[in-house]
Amino acid sequence: MPENNMIKIVSSLEKVFCDSKDNFSALSGFSMMKNEKKSFQIIFSANKGEEVKFEVNSPLKEYFKFSFVKQIPAKMTRPKKCDDYYIAGNRHEFPDLLLPADKYSFTAEYNGLNCVWVQLAGDIPAGVFSAEFSRGGENAEIKIEVIDAKLPKQDMIYTNWLHTDCLMSYYGFEAFSPEYWQCTEKFLTRAAEYGMNCVLTPLFTLPLDTQVGGERPTVQLVSVRVTGKNKYEFSFEKLDKWIEMCEKCGIEYFEMSHLFTQWGAKHAPKIVAEKGGKSKKIFGWKTKASGEKYRLFTEQFAAALKKYIDKKGIGNRCIFHVSDEPSKRQLKAYSKAADIIRKNFSGFKIIDTLSDFSFYENGVVKTPIPSTDHIEPFIGNVPELWAYYCSAQGSDYVANRFFDIPGERNRIIGFQLYKFDVKGFLHWGYNFYYTRFSKRLADPFSEPDAGAKFPAGDSFVVYPGKNFEPLDSTRLHIFYDGLQDMLALKLLESLAGRDKAVSVLEDGLNKPLTFSEYPHSAQWLLNTRERINSEIKKHL
């Protein structure tokens with residue numbers, strides 16, 4: 001074990017385990033823009049239960065926020081198909097949860113190394129500053145340069161799916177109760193603070209990750225009333241409240257929930273309506289997607305929704321889906337469903353995640369969202385490139401956010417999004433707290449792998465805290481660092497041109513950067529960002 005009063009500052013990209021040897025490279029300094037959030041870690045040696053106190057001496061003291069890094073157990077840590085770019089040691093407990101800490105003290109949870117996450121954020125003045133952290137006669141110092149510039153507004157659409165039914169199940173409140181709105185607003189505010197500007201909007205109960213014949217709790221923003229045979233009326237009071245809440249939180253785009261079931265578009269989503277004075281399920285697993293009854297419903301619903309959207313003036317901020325992740329063998333069924341959506345929502349952006357280029361070649365999808373390990377055929381061949389990854393993207397060295405991958409493999413996505421001018425990025429799990437197929441609630445603190453069905457870290461980036469407060473993960477912050485890297489390159493582009501920005505990004509590389517080709521080095525990533533910042537300063 002390191003000496004008792006050891007204290008060291010290390011990069012946010014390091015994964016510090018309690019039994020780690022003290023072989024981490026000290027972080028001596030970094031630069032940042034005035035409106036960035038930047039993180040680093042302080043590691044301490046301690047005995048479990050020990051009260052660890054430290055002192056801070058810095059002009060930036062008021063801008064520091066401290067969290068204790070807690071290790072979370074996991075059974076499934078990586079997908080069956082994986083490469084060799086993972087954490088060594090076959091571990092099953094990982095530093096991930098950020099627990100808000102008292103300013104300058106914490107109780108050690110581990111024998112060995114304990115870690116405090118430090119975030120620097122706020123209306124920070126420009127200048128060069130030092131920050132010294134000391135404990136028991138030992139100290140560590142870091143230099144921080146705040147450049148007199150700000151990152152531009154993010155124009156890439158970023159959606160990380162919010163699952164409000166998971167919040168309902170975890171906290172025990174009903175859909176659209178006062179607690180529902182309070183909790184959802186808190187989780188959505190946190191999402192917006194970390195780059196998310198688009199929200200999955202449950203017009204009807206999400207037909208996602210649901211076992212065939214099974215159901216997720218009903219969350220339906222659109223009220224439906226049956227007025228006759230194949231005749232319906234719609235009201236949008238709850239959707240009104242949703243949009244108002246989202247805009248208050250900083251969300252700009254509304255990603256309307258899928259109008260057909262996942263993996264093939266064979267059925268309608270669960271839709272509840274008032275019929276004969278009673279609430280009744282009128283569509284679901286027994287409804288054929290391309291059947292006459294659901295087609296007539298969709299036509300009437302689309303007409304009413306488009307009228308509502310036009311009245312709200314949000315048409316250019318609405319996105320529609322057909323069905324999630326169709327495969328090539330499901331092309332025929334998906335095509336029929338897509339025809340219905342294209343006909344009824346022409347003029348709107350219609351997007352879906354998929355990996356087969358033939359869907360785009362055949363004109364079935366105008367704006368495909370390919371996975372990062374299948375994106376090559378789409379690059380340069382689609383007018384608007386989007387991307388996504390999920391549990392399946394664990395090989396070919398593509399970026400991901402699993403517990404079991406190095407921090408730089410999470411953060412590298414920012415450079416890649418910039419290099420290929422990606423217009424939208426999607427991930428399915430902001431807070432999915434169910435097991436696979438939504439069979440039951442999974443405790444994210446003890447089952448972060450969704451009941452050993454997904455690699456830990458795939459299904460959520462925030463934990464459910466007390467009083468409906470989301471608790472951050474290290475992965476949430478590191479992914480956001482990637483988005484800030486992307487915006488720093490955008491800033492450099494605005495000052496010196498795109499060719500210059502790409503040149504600075506790829507300086508010294510033997511091969512051009514791609515989604516699977518990049519240096520597997522935290523230091524390279526940190527150095528590259530510093531090089532970008534230095535070039536920005538030259539052009540201010």
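This text follows the structure it describes.
Trainee: Outline the packing of aromatic side chains, listing residues and values.
Mentor: Two numbers describe a pair of aromatic rings. These are the distance of the centres and the angle of the planes. All told, the structure shown has 57 aromatic pairs when counted by the stated rule. Ring plane angle 80° and centroid distance 5.0 Å describe the contact between Tyr232 and Phe297, whose orientation is recorded as edge-to-face. On the criterion of sequence distance, the pair formed by Tyr232 in strand 15 (residues 231–235) and Phe297 in helix 4 (residues 292–312) is long-range, its members being 65 residues apart. For the pair formed by Tyr232 and Phe297, the shared burial category is buried. For the pair Phe357 and Phe378, a centre-to-centre distance of 5.1 Å together with 80° between the ring planes defines the contact as edge-to-face. With Phe357 in the loop between strand 20 (349–354) and helix 6 (358–361) and Phe378 in the loop between strand 21 (367–370) and strand 22 (386–388), this pair connects stretches of sequence that are 21 residues apart.

Trainee: Can you explain helix 9 (residues 474–496)? Please cite residues and give values.
Mentor: The end-to-end C-alpha distance of helix 9, which contains 23 residues, comes to 33 Å, matching closely the 33 Å that a straight helix rising 1.5 Å per residue would cover. Counting buried positions along helix 9 gives 18 out of 23 residues, so the element sits mostly inside the fold.

Trainee: Give a detailed account of the pattern of salt bridges, specifying residues and quantitative values.
Mentor: The full count for this structure, using the stated rule, is 39 salt bridges. Put simply, Arg475 and Asp96 hold a salt bridge, and the shortest N to O gap is 2.7 Å. Here Arg475 is found in helix 9, whereas its partner Asp96 is found in strand 7 (residues 93–100), with 379 residues between them in sequence. As far as burial versus exposure is concerned, Arg475 and Asp96 are alike and both buried. Two residues, Glu215 and Lys270, come together in a salt bridge whose shortest N-O distance is 3.2 Å.

Trainee: Help me get a handle on the sheet that holds strand 10 (residues 127–135), residues and values and all.
Mentor: As summarised here, the arrangement of the four strands in space is 2-11-10-5, forming an open sheet in which the pairing is mixed. Because the sheet does not close on itself, it has two edges, and the strands there are strand 2 (29–33) and strand 5 (55–57). Neighbouring strand axes in the sheet, compared pairwise and without regard to direction, differ in orientation by 25° on average. Inspection of the sheet shows strand 10 paired to strand 11 (residues 138–147) by nine bridges, in the antiparallel sense. The residue bridging Glu132 from the neighbouring strand is Glu141, located in strand 11.

Trainee: I'd like to hear about the environment of Glu292, residue by residue, with values.
Mentor: Inspection of the secondary structure puts Glu292 in helix 4. Separated by 62 residues in the primary sequence, Glu292 and Asn230 have C-alpha atoms spaced 9.4 Å apart.

Definitions and cut-offs
- Residues numbered from 1 in each chain as written.
- Predicted model: local features only at pLDDT ≥ 70, side-chain atom pairs only at ≥ 80, totals over all residues.
- Heavy atoms only, no water.
- Phe/Tyr/Trp six-rings, centres within 6.5 Å; stacked < 30°, edge-to-face > 60°.
- Helix = DSSP H or I, 4+ residues; strand = E, 2+ residues; numbered from the N terminus.
- Buried < 20%, exposed > 50% of the residue type's maximum accessible area, 1.4 Å probe, protein only.
- Expected span 1.5 Å × (residues − 1).
- Salt bridge = Lys/Arg side-chain N within 4 Å of Asp/Glu carboxyl O.
- Pairing = 2+ DSSP bridges.
- Axes fitted to C-alpha atoms, helices over the stretch in contact; angles between N-to-C directions.

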